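Chain by chain, the residues run as shown.
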Amino acid sequence: MKFEIPKEEWLGSGHLACPGCGATQSMRYALKALGEKTIIVLPACCWSIIAGPFPYSSVRVPLYHSAWETGGATAAGVRAGLDIQGDTETTVLAWAGDGGTFDIGIQALSGAAERNDDIIYICYDNEAYMNTGIQRSSATPWGAWTTTTPVRHFKTRPKKDMMMIMAAHKIPYAATASVAYPDDFIAKVKKAKSIRGTRFIHIYSPCPPGWKIPSDISIQLARLAVESKVFPLYEIEDGERYTLNRIPAGVPIADYLKPQGRFRHLSREQIQFIQERVDADWERLLHRIEHCL
Ligand SMILES: Cc1ncc(C[n+]2csc(CCOP(=O)(O)OP(=O)(O)O)c2C)c(N)n1
Ligand code: SF4
Ligand SMILES: [Mg+2]
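Owing to the predicted nature of the structure, the values given are computational and were not obtained by experimental measurement.

Considerations on the pattern of salt bridges
Alright, step 1. By the definition in use, this model includes 15 salt bridges.
Alright, step 2. Note that Lys-159 and Glu-127 form a salt bridge whose closest N and O atoms lie 2.9 Å from each other. One end of the pair, Lys-159, is in the loop between β4 (120-125) and α6 (162-168); the other, Glu-127, is in the loop between β4 and α6, with 32 residues separating them in the sequence.
Alright, step 3. Assessed through its relative accessible area of 27%, Lys-159 is described here as partly exposed.
Alright, step 4. On the basis of relative accessible area, Glu-127 is assigned to the buried category, the value being 4%.
Alright, step 5. With a shortest N-O distance of 2.7 Å, Glu-227 and Arg-246 are connected by a salt bridge. Placement of the pair is Glu-227 in helix α9 (residues 218-227) and Arg-246 in the loop between β8 (241-244) and α10 (253-257), with a sequence separation of 19 residues.

Details of helix α1 (residues 22-34)
Alright, step 1. When the terminal C-alpha atoms of α1 are compared, their 18 Å separation across 13 residues agrees well with the 18 Å that a helix rising 1.5 Å per residue should span.
Alright, step 2. Within α1, 11 of the 13 residues are buried, which leaves it mostly tucked inside the rest of the structure.
Alright, step 3. Where α1 is buried, its residues contact β1 (38-43), α2 (46-50), β3 (91-97), β4, α7 (182-193) and β6 (199-204).
Alright, step 4. At the exit of α1 stands Gly-35, carrying a positive phi of roughly 80°.

Let's talk about the sheet that holds β3
Alright, step 1. Within the open sheet, the eight strands sit side by side as β2-β1-β3-β4-β6-β5-β7-β8. Their pairing is mixed. Bordering the open sheet on either side are β2 (63-66) and β8, each of which pairs with just one other strand. Each strand of the sheet is rotated relative to its neighbour by a mean of 20°, with strand direction disregarded.
Alright, step 2. Where β1 and β2 come together, four bridges link them in parallel fashion. Of the residues in β2, the one forming a bridge with Pro-43 is Ser-66.

Quick notes on the packing of helix α3 (residues 71-84) against helix α5 (residues 106-115)
Each pair of packed helices can be summarised by the angle the axes make with each other and by the distance between the axes.
Alright, step 1. Close contact between α3 and α5 brings their axes to 6 Å; oriented N to C, the two are set at 45°. Comparing their axes, α5 and α3 come out oblique. Touching Gly-72, Ala-73 and Ala-76 of α3 are Ala-108, Leu-109, Ala-112 and Arg-115, all from α5.
Alright, step 2. Considered class by class, the residues forming the contact of α3 with α5 number five nonpolar, one polar and one charged.

A short note on the nonpolar core
Alright, step 1. Ile-40, Trp-47, Val-59, Trp-95, Ile-122 and Phe-185 are the most contacted members of the largest nonpolar core, which has 33 residues in total.
Alright, step 2. Listing elements by their share of this core, those giving two or more residues are α1, β1, α2, β3, β4, β5 (173-178), α7 and β6.
Alright, step 3. Per-element tally for this core: the top contributor is α1, with seven residues.
Alright, step 4. If sequence neighbours within four positions are ignored, Ile-40 has contacts with Met-27, Leu-31, Val-59, Val-61, Pro-62, Leu-63, Tyr-64, Leu-93 and Trp-95.

What counts, and at which threshold
- Residues numbered from 1 in each chain as written.
- Chains lettered and ligands numbered in written order.
- Predicted model: local features only at pLDDT ≥ 70, side-chain atom pairs only at ≥ 80, totals over all residues.
- Heavy atoms only, no water.
- Salt bridge = Lys/Arg side-chain N within 4 Å of Asp/Glu carboxyl O.
- Helix = DSSP H or I, 4+ residues; strand = E, 2+ residues; numbered from the N terminus.
- Buried < 20%, exposed > 50% of the residue type's maximum accessible area, 1.4 Å probe, protein only.
- Expected span 1.5 Å × (residues − 1).
- Contact = heavy atoms within 4.5 Å.
- Pairing = 2+ DSSP bridges.
- Axes fitted to C-alpha atoms, helices over the stretch in contact; angles between N-to-C directions.
- Parallel < 35°, antiparallel > 145°, perpendicular 65-115°, else oblique.
- Nonpolar A, V, L, I, M, F, W, Y, C, P; charged D, E, K, R; others polar.
- Core = buried A, V, L, I, M, F, W, Y, C linked by side-chain atoms within 4.5 Å.

Here it is as structure tokens:
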């Protein structure tokens, strides 16, 4: 079946992102799926800059800047306000980085998810606090350089499994998506729009300056993340029904790490260690998926 990306553009060309920014392409696809009747709630992150300074805005829908830790709670409040006005058509989209989701925003998000507030929460994950100068987050993967995990003390804790945390809330819909697969990405955001309650989408979002990659390979790298099983594409419904959306080609992890300066210091043994972890995570995911068949 041929998939057509919607032609309407809700992101303007005058945004303030770096070239090759995955977060910007992600917003473009998300808004194509959601359309004009969307209100964005934006906790502090790179997108606070990308959106542009008041009175300018790079998005053609209303956008509310919130405190970094409050994405879930603010979105729930905007939803409640719309409900009082009888507006059931407008989608409330909380749009946060990995720091605003995995770390400081997790309490507000967990509260909204536990109440099953009627919001879509999208986390664009660039695996560090990029807006403030590339500090590590709990989404930063094992082995990565950041300014707070320098080469001689690179990160030695694994990335937090945010999808499992959201599944534990038994929300109606959670999914992973990637800028390298726009058809899958847009289909998932549209599906989320058709469901009521808390919907969570975790987006793999390359950041050229933070990952030390050339700006013209960010989409290629996003594809490698999926094909090497680092970032599988899947959905979880009601916290228990898993669907795998793409079978990865099984690209070696070394091919995924090599183009990224943030992993340049790793030895062959450390790369092998990462490969074993990725394989083990993949087996665990497969087990959950097979359990549902
Ligand atoms: C309570 C609080 N502490 C610190 C900050 C400064 N701050 C703004 S954005 C940000 C990092 C955001 O990281 P992330 O959510 O991953 O988004 P990214 O910048 O990577 O897009 C920080 C530390 C803040 N706004 N509020
Ligand atoms: S620092 Fe990274 S996430 Fe932020 S605007 Fe630049 S490319 Fe995008
Ligand atoms: Mg980030």
